[in-house]
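Given next are the chains, with one letter for each unit.
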Amino acid sequence: MVTAKEFGVAHPPGYPLFTILAKLAILALPYGSTAFRVNILSCVLGSITNALLGACLLRATKNVTVALIICAMTGFSRFFWIWSITGEVFSLNNALCMAIMLVMYDFCIEEDSEKKLKLTYILAILSGFALTNQHTASLIVIALVCFVLSDLLDHELITTQNVINLTIAGLSPMILYLQLPIASYLRTARVSWGDHRTTEGFLFHFFRKDYGTLKLVKNEADVDIWRNYSILTVDLMRELTIPVLLLALFATTAMIWREHDRKFVCFLKTTFVLYTGFFCSFANITDIEGIYKGVLERFWLQPSLSLVLMAGIGLQELIRLAKIRKTIMMPVAFLILAARIHSNYGLCDQSGNYHVEEFGRHVLSQLPNNTILLTSGDLSTNTFRYLTIAENVRPDVDVLDLSFIGSRWFIPILGHHMDTVKFPGIGYSPQATWNSRLYDLEQFLDHNLASRPVFVCLKPRSIDTVSLRKYNVLPYSFCSQFLPKGAVDPLIYGKTIPTPNLDTYLPPRTEIFGEQTWENVLIHEYWDALVKPGRYLWDAGENTRHVDKKKQLYLAAYEYLFRAKEVISTKINDGSISPLSWNHTSYFSKYLGVQCRQLWVHTTGRSTGGLGAKYEECQRKHFTDYIESAANLTRKIDKDFDNIVMLLQNPGM
């Protein structure tokens with residue numbers, strides 16, 4: 001969205017068609033935020049997809065009821081619905097692929113050579129546009145080229161001139177990729193990806209070399225093909241329902257003895273098998289829990305179009321064989337439509353969902369003036385860039401994505417927009433000692449911290465803070481602040497640490513947002529921000545050699561965590577926070593138990609009398625609460641669970 005507003009270059013491979021359409025939507029719509037306008041564009045494209053699906057089914061089945069049933073099952077399925085109201089490239093890809101399939105149906109049944117050739121030109125142009133949006137469309141284009149050339153050969157339409165003209169028609173939409181070098185030459189966009197002023201830079205971006213051309217994400221992990229197929233099957237059964245899949249399977253067999261539509265169904269089968277086979281062979285996501293489930297499921301949209309078209313044809317064949325009356329099917333169609341909307345409306349209604357924006361505004365409001373904000377990961381980077389640039393919230397804050405400033409193209413393309421930020425080399429690298437032209441985090445802080453406050457948000461673990469010799473990383477609400485070592489006393493800082501304000505910002509509720517959503521990620525970040533000051537004080541106590549200071553820091557950590565747990569419990573009781581959102585409250589008990597144990601060991605030498613008995617009972621109480629409140633969940637994800645059980649059984653350990 002920010003890239004479109006700035007008319008920069010989106011992440012690889014560039015998505016010029018969507019960028020241009022989103023820019024036009026932002027300029028044309030007179031109302032709403034940038035996000036609202038781009039989301040409206042996706043809504044329109046999603047509606048077009050469903051309309052094209054209905055039109056294709058009407059031509060293939062000549063049955064309005066069949067078209068209505070399949071459109072209801074598809075358009076109001078959760079994942080088609082949710083991605084049709086999200087400002088992303090997938091809704092546009094669905095519309096273009098569905099347009100190709102609609103024209104392909106006409107091509108398959110057309111017998112007139114002149115009309116067939118005209119349809120071929122339309123298919124070539126649509127394919128070109130599809131490739132300027134999302135490269136997964138190349139898989140449908142490959143099947144399309146094979147089927148079209150075979151058919152043209154049968155009709156003796158393959159000539160040198162026709163091949164040249166069709167090639168030109170297919171490649172002509174690729175002129176939209178000129179948007180990439182134009183944006184790089186203009187350098188007006190405050191958010192843009194890559195330097196496309198050279199052929200090498202353009203091809204590097206076009207072929208997704210940052211991720212790996214035939215990889216979904218940037219890693220060297222082996223692909224688990226059968227796991228991917230299993231996920232695909234489960235997702236399709238859940239989203240499209242088993243009856244739709246069975247109808248699609250029935251269509252693939254029914255068409256064997258039925259000449260009419262055989263080519264089209266064969267084309268649909270080929271696109272489905274080609275896409276799923278290719279994608280499941282190269283989708284190298286290793287962790288499919290949480291947000292990565294959402295990343296994976298959106299790539300099932302394109303092959304689902306082939307499935308639902310086959311399901312519609314299969315349903316029509318079943319109605320014909322069973323001789324079911326249309327008067328019976330129409331009420332059934334409306335019942336299915338109503339049931340589909342009723343079951344998924346609550347999940348897909350995002351009209352009141354401002355959680356990510358509220359989170360971003362809350363974080364930015366707590367930062368000092370003229371902050372340099374280092375970010376890592378999609379949630380922090382995209383949220384803060386969107387608000388500071390697209391909505392002009394805290395424009396004094398410079399948001400620096402660590403992956404961006406580590407690229408050689410960053411300073412030539414974007415550096416002039418941040419003239420008060422000092423870059424001590426051509427690019428950032430955590431290990432810059434091997435190259436004098438690069439700089440590491442400590443060198444960046446040396447050049448900037450004296451003149452501007454520097455923070456890192458959400459994922460300080462993704463940068464090398466351990467090797468910092470001259471600076472400490474201190475918790476600051478959702479972020480962390482860099483300060484010179486010795487600049488603050490941990491005990492004094494511990495009393496003034498900014499934390500998420502529970503009166504102005506509350507986390508999303510897990511019973512509304514599934515684990516594959518960014519809202520669910522926010523819940524975990526919220527919890528982490530609340531316990532982070534306690535861990536900071538604990539770590540300070542661990543690292544100090546002064547006995548009295550160690551005791552004071554352990555006690556301060558315990559008192560902070562105890563207060564935080566009390567506040568959370570109050571919010572749960574008054575209904576402000578969902579208990580489901582806070583299954584991690586058990587971890588407050590864990591950390592409180594740890595602090596009590598540290599106090600017991602370092603204050604009383606494990607004494608069992610007086611103050612020692614108090615701390616021993618304190619650790620027993622909190623450890624017991626921890627185990628009882630989240631035994632099933634905790635054992636799976638916390639390596640300390642079994643150790644804590646042993647401590648309860650043998651407190652003298």
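Located above this text is the structure these notes cover.
What you are looking at is a predicted structure, and each value in this text was computed from that prediction instead of being measured.

Enquirer: Explain the state of the cysteines here, please?
Expert: Here a disulfide denotes one covalent bond, and it connects the sulfur atoms of two cysteines. Taken as a whole and judged by the stated rule, the model has two disulfides. Covalently, Cys457 is tied to Cys479 through a disulfide, its sulfur atoms 1.6 Å apart. Here Cys457, found in strand 5 (residues 454-457), pairs with Cys479, found in strand 7 (residues 479-484); they are 22 residues apart in sequence, far enough to count as distant. Using a relative accessible area of 1% as the deciding quantity, one classes Cys479 as buried.

Enquirer: Sorry if this is basic, but what is going on with the pattern of salt bridges here?
Expert: Opposite charge on two side chains makes pairing possible when the charged atoms of those side chains draw close. Summed over all chains, the structure comprises 20 salt bridges. A salt bridge links Asp151 to Lys263; the shortest N-O distance between them is 2.8 Å. In this pair, Asp151 is assigned in helix 8 (residues 138-154) and Lys263 in helix 14 (residues 262-282), connecting sequence segments 112 residues apart. The closest approach of N and O atoms between Arg238 and Asp235, which form a salt bridge, is 3.0 Å. Within this pair, Arg238 and its partner Asp235 are both found in helix 12 (residues 225-240), separated by three residues, close to a single helical turn. Residue class for Arg238 comes out partly exposed when judged on its relative accessible area of 43%. Given the relative accessible area of 7%, Asp235 is considered buried. Each member of the salt-bridge network shares a partner with another, and the members are Arg78, Asp235, Arg238, Glu239 and Glu297.

Enquirer: When you look at the nonpolar core in this model, what are you seeing that I'm missing?
Expert: Nonpolar side chains in soluble globular proteins generally cluster together in the buried interior. One finds Met104, Phe264, Phe267, Trp300 and Leu309 to be the most contacted residues of the largest nonpolar core, which totals 94 residues. Looking at which element gives the most residues to this core, the answer is helix 6 (residues 90-109), with 14 residues. Within the second largest apolar cluster, 67 residues are counted, among which are Ala35, Ala540, Ala556 and Tyr560.

Enquirer: How do you make sense of the packing of helix 3 (residues 34-61) against helix 4 (residues 64-75) when you look at a structure like this?
Expert: Each pair of packed helices gets described by two things: the angle between the helix axes and the distance between those axes. Running from amino to carboxyl end, helix 3 crosses helix 4 at an angle of 150 degrees, the nearest separation of the two axes being 9 Å. Of the possible angle classes, the one that applies to helix 3 and helix 4 is roughly antiparallel. In this structure, the crossing between helix 3 and helix 4 has a hand that is right-handed. Taking contact as the criterion, the partners of Asn50, Leu53, Gly54, Leu57, Leu58 and Thr61 in helix 3 are, on helix 4, Val64, Val66, Ala67, Ile70, Cys71, Thr74 and Gly75.

Enquirer: What should I look at first to understand the pairing of strand 2 (residues 398-401) in this one?
Expert: Taken residue by residue, a regular strand's side chains alternate between the two faces of the sheet. The two faces of strand 2 match: Asp398 and Leu400 on one face and Val399 and Asp401 on the other face are all buried. As paired elements, strand 1 (residues 372-375) and strand 2 share four bridges and run parallel to each other. Its bridge partner being in strand 2, Ile372 is matched across the sheet by Asp398. With respect to chirality, the unit in which strand 1 leads through helix 19 (residues 378-390) into the neighbouring parallel strand 2 is right-handed.

Enquirer: Can you help me understand the packing of helix 12 against helix 14 in this one?
Expert: Closest axis-to-axis distance for the helix 12/helix 14 pair is 8 Å, and the angle between their directions is 130 degrees. The orientation of helix 12 with respect to helix 14, classified from their angle, is oblique. Crossing handedness for the pair helix 12 and helix 14: right-handed. Contacts between helix 12 and helix 14 involve Ile225, Asn228, Tyr229, Leu232 and Leu236 on the former and, on the latter, Phe272, Thr276, Gly277, Cys280 and Ser281. Per-class residue counts for the contact of helix 12 with helix 14 are six nonpolar, four polar and no charged.

Enquirer: What am I meant to see in the sheet that holds strand 5 here?
Expert: Consider a sheet: its strands pair through backbone hydrogen bonds, and that pairing is either parallel or antiparallel. Reading across from one edge, 2-1-5-7-6 is the order of the five strands in this open sheet, with mixed pairing throughout. A strand with exactly one partner marks an edge of an open sheet, and here the two such strands are strand 2 and strand 6 (471-476). Across the sheet, the axes of successive neighbouring strands diverge by a mean angle of 30 degrees, strand direction being ignored. Taken together, the three bridges between strand 5 and strand 7 define a ladder with antiparallel strand orientation. Paired with Cys457 across the bridge in strand 7 is Cys479. Relative to the sheet, helix 22 (residues 441-448) contacts strand 1, strand 2, strand 5, strand 6 and strand 7, its axis offset from that of strand 1 by approximately 165 degrees.

Enquirer: Would you mind going over the packing of aromatic side chains with me for this structure?
Expert: Centre-to-centre distance and the angle between the planes together describe a pair of aromatic rings. Under the definition given, this model contains 29 aromatic pairs. Aromatic side chains Tyr31 and Phe36 sit 5.7 Å apart centroid to centroid with 85 degrees between the ring planes, which places their arrangement in the edge-to-face category. Considering the side-chain rings of Phe278 and Phe282, the 4.7 Å spacing of their centres and the 35 degrees angle between planes classify their relative orientation as tilted. Here the residue Phe278 and the residue Phe282 both occupy positions in helix 14, the gap between them amounting to four residues, near one helical turn. A relative accessible area of 32% places Phe282 in the partly exposed class. Within the aromatic cluster, the residues linked to one another by ring pairs are Trp83, Phe90, Tyr275, Phe279, Phe299 and Trp300. One cation-aromatic arrangement involves Lys116 over Phe107; the distance from NZ or CZ to the ring centre is 4.1 Å. Over the ring of Phe404 we find Arg385; its NZ or CZ atom is 4.8 Å from the centre of that ring.

Enquirer: Hey, could you run me through helix 11 (residues 199-206) in this one?
Expert: Note that an α-helix has 3.6 residues per turn; residues three or four places apart therefore point the same way. Every buried residue of helix 11 is accounted for by Gly201, Phe202, His205 and Phe206. The buried side chains of helix 11 occupy one side of the element, clustering within an arc of 130 degrees when seen end-on. In helix 11, the exposed positions angled more than 90 degrees off the buried face are occupied by Thr199 and Glu200. Buried residues in helix 11 make contact with helix 10 (179-186). Directly beyond the C-terminal end of helix 11, a positive phi value near 55 degrees is found at Arg208.

Enquirer: Help me out: how do you make sense of the environment of Asp489 in this one?
Expert: Tracing the backbone shows Asp489 in the loop between strand 7 and helix 23 (490-494). Polar contacts involving the side chain of Asp489 include one to the main-chain amide nitrogen of Leu491, which spans 2.8 Å.

Enquirer: What's the story with the side chain of Asn63 in this structure? I'm lost.
Expert: Locating Asn63 in the fold gives a position in the loop between helix 3 and helix 4. By relative accessible area, which is 5% here, Asn63 ends up buried. For Asn63, the side chain forms a polar contact with the main-chain nitrogen of Thr65, separated by 2.9 Å. What Asn63 contacts, discounting residues up to four positions off in sequence, is Leu58, Gln316, Ile319 and Lys326.

Enquirer: How should the environment of Leu27 be read in this particular structure?
Expert: Residue placement: Leu27 occurs in helix 2 (residues 16-28). Of the residues examined, Leu27 reaches a relative accessible area of 60% and is grouped as exposed. C-alpha of Leu27 to C-alpha of Lys5: the two residues are 22 residues apart in sequence and 8.6 Å apart in space.

Enquirer: Which parts of the structure should I look at to understand helix 9 (residues 160-171)?
Expert: Over its 12 residues, helix 9 extends 17 Å from the first C-alpha to the last, a length consistent with the 16 Å expected when each residue adds 1.5 Å. Residues of helix 9 that are buried: Asn162, Leu166, Ala169 and Gly170. One side of helix 9 carries all its buried residues, which in axial view fall inside an arc of 95 degrees. Of the exposed residues in helix 9, the ones pointing more than 90 degrees away from its buried face are Thr160, Ile168 and Leu171.

What counts and what doesn't
Residues numbered from 1 in each chain as written. Predicted model: local features only at pLDDT ≥ 70, side-chain atom pairs only at ≥ 80, totals over all residues. Heavy atoms only, no water. Disulfide = S-S within 2.5 Å. Helix = DSSP H or I, 4+ residues; strand = E, 2+ residues; numbered from the N terminus. Buried < 20%, exposed > 50% of the residue type's maximum accessible area, 1.4 Å probe, protein only. Salt bridge = Lys/Arg side-chain N within 4 Å of Asp/Glu carboxyl O. Core = buried A, V, L, I, M, F, W, Y, C linked by side-chain atoms within 4.5 Å. Axes fitted to C-alpha atoms, helices over the stretch in contact; angles between N-to-C directions. Parallel < 35°, antiparallel > 145°, perpendicular 65-115°, else oblique. Left-handed = near helix turned anticlockwise from the far one by under 90°. Contact = heavy atoms within 4.5 Å. Pairing = 2+ DSSP bridges. Right-handed = clockwise from strand over helix to strand, strands pointing away. Nonpolar A, V, L, I, M, F, W, Y, C, P; charged D, E, K, R; others polar. Phe/Tyr/Trp six-rings, centres within 6.5 Å; stacked < 30°, edge-to-face > 60°. Lys NZ or Arg CZ within 6 Å of the ring centre and 35° of its normal. Arc of directions from axis to C-beta. Polar contact = N/O pair within 3.5 Å; in protein donor to acceptor, adjacent residues only side chain to side chain. Expected span 1.5 Å × (residues − 1).

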